[in-house]
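Geometric and topological summary
Here is how the chains run, residue by residue.
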Amino acid sequence: MAVRTHTLHRLLGLVLGGVLIGGCGAPPTFDRSTLPDRWADADRVVLLEDVTVRFVPFEGEPVAEVSTLRRVWYRTPQSIENVTVGIGHQPGLRDLLAFEGRVFPPEGESTAFGREDAVDVPSIGGGTIFSDSRYLRHRLSLVPGSVVETRSTVRYHDVRLRTQSQAFGGFDPAERRRLTVHLPPGWQSRHLAREDGAPIEWAPRESTAADGGRVLVWSRERIDPLPRERHAPSVYHMAPRVSVQLARWQIDGRTLHGPDRPEAVSALMHRLQAPRRQPDDALRAQVDALLEGVGDDPRARAATLHAFVRDRIRYVSVQLGMGGWIPYPSAEVLDVGYGDCKAQAALLGSMLTVAGIPNRQVTVFSHRGWPLPYGLPTIAGNSNHQVVLVDLPDGPVVADPTQRNVAFGDVPRSLVGAPVLPLTADGDPVETLPVPAPEANRLEVTLTLNLSQAGGLKGDVEVRASGDKAAGIRHHLRTEKGKERHRKLADWFELDDMAVDAPKHEAAVEPTTADVPLVLGGRVWTKRSIGSAGQLWTIAPGALVNPGIRRIDIGERTRPIVLGAPRLRLHRLNVKLPAGREAGALPPPVEISTPFADYRLTWTATDDGFSVERRLVWRQPWLPPTQADAYRAFARDVKRADLRPVTLRPAKPAAPSKTTAKGTP
């Protein structure tokens, strides 16, 4: 095996050494038989991903010129569908210096492409109207077995606010990945290596360049793909990754330093943003008008101002130059009526300050269930969002005015447990947003149903929701209409095989504060009957109520299980039986308790039928992979309990009493 590996590396060395430099380019060759057998089912293989970062002076400032060489072997017909290559750039911040590539088919001549063949498009669509962030994109037409090579170079200007990084893992197997950093003499950097979101020890291989500078190299070979697992953190979070930041540089006889601690980033960003939060007379007058008659309670005053910015200032992403880091002036945002997250947060902060309510701007990485730990002391990579911490007498409250359906005092699910960096003049350390208790994200559904002689269920539904669930229902009520609205209401109420009519009454559809739940009422019915006349019928809770459990794959788990925000789900089913039907023995109660969740199911006989109460509580937002078996066992036991039915049989006629012909005993 050692000989085969050596042969592969020798052949790959010929392939990976300057194929694009020659005029026509010799087709790459490598011994495919030496690739690991465990990669035999891979649709594509990354032969090389080589990132080179050169920190150099440019126009009196330090910049990072980042060159990327990438070679990918597209093995199967499936792998060549919709293959697009490209590179992001942003004039003035991320200047695109070069982009070229070549396609090597398994047979025939290679073909080259360059910048002139690609399409330059906005990098972010949707709500991003004002942005100069671009993506140079080229779509390829390939045959199976082709190798695609691309080279690009981008010059990054804002080195104080970002890091350069390389991932050493992904969903595709990789023969080699490498990160090389060049530092001029006297320049210094710092780095952070992480895997599974946690720091790891990984020192670079270091050498001295011809000019006396330093060269740092991190490299890995034969990298197996990460498994695709349901409800797992993203590869960006979990794959091995090295990030590098410029720490010290010398230009024109001056020695300067970048931020060395989060507190330094906090103070730097405060200096950049604070001038934009200065109020004018119109802003002060608006605050006075909004708070007229509200009273002196700081929470009520803060909630009023938060509701105004949330409901009246439209979110529009703005990423023009340094506008990606610095908001537009608050007075201007109030005047035009729109802004991005920084602008909305800055406006809310300005209004709170005018009202005498302490507050802090905070940067945060908005996530999808798994918070990204804070890394090197920069903004880029540690944050993609900005909100406000309102420092009330009874403790800080996170306020995100971009979340149209979230009440003041609720933590949006994308921020649960996330590290945040407050921006203050003196510099604040990193803080962590709270993980709410399950009761803060509560859904309570009561179904009062009549069972017909034909086996259909129909009746009323009453819903009370708070926290994340209430925000989701509010969004649905605003955006959906007609049959789609009815269908999705059943999904939001966590009902299966049931239809929900438009609510007949509602309260708190407009979010106010966290202690005011959303209340809805309406009609509900099953889509199918549970049986035919004369038969034995059965009803199980699992036929009407969604289990509320995320499915994960069978087998060894490698990444954490993302469960979502802690939450409480309570479903009550009150079923009235028709004349001529009676319930058999009710199933016994079931209680299941684990460190991460609790489940309870109880049945009760009533005068005209029966009732069921199902209570499911998730106490943790995520689980380590070592608890996968415990999670599967919990899910299995809950499913069994949910599917255990009660039997409904035709009632036996009452035995006639013995009487005489005249009706007397």
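We now turn to the structure provided with this report. Residue numbers here run from 1 along each chain, matching the order of that chain's written sequence. Since the coordinates come from a predicted model, pLDDT governs what is reported: local features require at least 70, and pairs of side-chain atoms require 80 or more to be given and counted, while whole-chain, interface and lining totals use all residues. The side-chain values count all of the structure's non-hydrogen atoms but skip hydrogen atoms and water molecules.

**Quick word on the overall build of the protein chain**
Counting its regular elements, the protein chain contains ten helices and 39 strands. Projecting the C-alpha coordinates of the protein chain onto the three principal axes gives extents of approximately 125 × 70 × 40 Å. The buried label goes to any residue with under 20% of its type's maximum accessible area, the exposed label to any with over 50%, and the partly exposed label to all in between, with areas taken from a 1.4 Å probe on protein chains only. Put simply, the protein chain has 665 residues, and 50% of those count as buried. We call two residues contacting when some pair of their heavy atoms lies within 4.5 Å. For the protein chain, restricting intrachain contacts to residue pairs at least 6 apart in sequence, the fraction spanning at least 24 positions comes to 74%. Helix numbering and strand numbering both begin at the N terminus, where a helix is a DSSP run of H or I of at least 4 residues and a strand a DSSP run of E of at least 2.

**Some points on the pairing of strand 24 (residues 419–423)**
Among the five residues of strand 24, five are classified as buried, and the element is accordingly described as predominantly covered. Of the two faces of strand 24, the one holding Pro-419, Leu-421 and Leu-423 and the one holding Val-420 and Pro-422 are both buried throughout. Taken together, the four bridges between strand 21 (residues 359–364) and strand 24 define a ladder with antiparallel strand orientation. Bridging from a neighbouring strand, Val-364 pairs with Val-420 of strand 24. Pairing between strands is defined by DSSP: at least two bridges between the two strands are required.

**Some thoughts on helix 7 (residues 341–354)**
Structural remark: α-helix, 3.6 residues per turn; residues separated by three or four positions point the same way. With 14 residues, helix 7 extends 20 Å from end C-alpha to end C-alpha; this agrees with the ideal 20 Å at 1.5 Å per step. Of all 14 residues that make up helix 7, twelve are buried, and the element is covered over most of its length. Burial in helix 7 covers these residues: Cys-341, Lys-342, Ala-343, Gln-344, Ala-345, Ala-346, Leu-347, Leu-348, Gly-349, Ser-350, Met-351 and Leu-352. Expected helix span is computed as 1.5 Å times (number of residues minus one).

**Details of the sheet that holds strand 22 (residues 385–392)**
The five strands lie next to each other as 23-22-21-24-25, forming an open sheet whose pairing is antiparallel. This sheet does not close on itself; its edge strands, each paired only once, are strand 23 (395–399) and strand 25 (431–432). Axis definition: a line fitted to C-alpha atoms, limited for helices to the stretch in contact. Angles are taken between N-to-C directions and run from 0 to 180 degrees. Helix 3 (residues 262–273) contacts strand 22 and strand 24 of the sheet and is inclined by roughly 50 degrees relative to strand 24. Of the strands in this sheet, strand 21, strand 22 and strand 23 are in contact with helix 7, which crosses strand 22 at around 20 degrees.

**Observations regarding the pattern of salt bridges**
Think of a salt bridge as a Lys or Arg side-chain nitrogen and an Asp or Glu carboxyl oxygen that are within 4 Å of each other. One pass over the structure, following the stated rule, counts 40 salt bridges. Linking Arg-261 and Glu-263 is a salt bridge whose minimum nitrogen-to-oxygen distance equals 3.7 Å. Here Glu-444 and Arg-572 are joined by a salt bridge, their closest N and O atoms 2.8 Å apart. Here Glu-444 is found in strand 26 (residues 442–451), whereas its partner Arg-572 is found in strand 33 (residues 567–576), with 128 residues between them in sequence. Given a relative accessible area of 15%, Glu-444 falls into the buried group.

**So, the packing of helix 4 (residues 281–291) against helix 5 (residues 298–312)**
The interhelical angle for the contact between helix 4 and helix 5, taken along N-to-C directions, is 120 degrees, at an axis separation of 10 Å. Here helix 4 is positioned oblique relative to helix 5, judged by the angle of their axes. For the element pair helix 4 and helix 5, the recorded crossing hand is right-handed. On helix 5, the residues that touch Gln-286, Val-287, Leu-290 and Leu-291 of helix 4 are Arg-301, Thr-304, Leu-305 and Phe-308. Here the nonpolar group is Ala, Val, Leu, Ile, Met, Phe, Trp, Tyr, Cys and Pro; Asp, Glu, Lys and Arg are the charged ones; every other residue, Gly included, is treated as polar. Among the residues forming the contact of helix 4 with helix 5, the class breakdown is five nonpolar, two polar and one charged. An angle counts as roughly parallel when it lies under 35 degrees, as roughly antiparallel when it exceeds 145, as roughly perpendicular when it falls between 65 and 115, and as oblique in every other case. Here is the rule for handedness: rotate from the far helix to the near one, and if that takes an anticlockwise turn smaller than a right angle the crossing is left-handed, while a clockwise turn gives right-handed.

**Re the packing of aromatic side chains**
Each Phe, Tyr or Trp ring, with Trp reduced to its six-membered ring, pairs with another whose centre is within 6.5 Å; inter-plane angles below 30 degrees give stacked pairs, above 60 give edge-to-face pairs, and intermediate values give tilted ones. All told, the structure shown has ten aromatic pairs when counted by the stated rule. Each ring, one from Phe-168 and one from Trp-202, has its centre 4.8 Å from the other, and the planes form 65 degrees; the classification is edge-to-face. In this pair, Phe-168 is assigned in the loop between strand 10 (164–167) and strand 11 (174–183) and Trp-202 in the loop between strand 13 (198–199) and strand 14 (205–208), connecting sequence segments 34 residues apart. Accessibility classification places Phe-168 together with Trp-202 in one group, the buried group. Taken together, a centroid distance of 5.7 Å and an interplanar angle of 65 degrees make the contact between Trp-370 and Trp-622 edge-to-face. With Trp-370 in the loop between strand 21 and strand 22 and Trp-622 in strand 38 (residues 622–623), this residue pair connects regions lying 252 residues apart in the sequence. Assessed through its relative accessible area of 15%, Trp-370 is described here as buried. Note on Trp-622: relative accessible area 24%, which makes it partly exposed.

**Overview of the environment of Arg-71**
Looking at where Arg-71 falls in the secondary structure, it is placed in strand 2 (residues 61–74). For the pair formed by Arg-71 and Glu-149, sequence separation is 78 residues and the distance between their alpha carbons is 4.4 Å.

**Some words on the nonpolar core**
Take the buried Ala, Val, Leu, Ile, Met, Phe, Trp, Tyr and Cys residues and link them wherever side-chain atoms come within 4.5 Å; each set so joined is a nonpolar core. Leu-447, Phe-493, Phe-610, Trp-618, Tyr-631 and Phe-634 are the most contacted members of the largest nonpolar core, which has 51 residues in total. Those residues in contact with Tyr-631 that lie beyond four places of it in its chain are Ile-549, Arg-550, Ile-552, Ile-561, Leu-563, Phe-596, Trp-618 and Leu-623. Judged by nonpolar contacts, the second largest core, of 40 residues, contains Val-85, Ile-87, Val-148 and Val-244.

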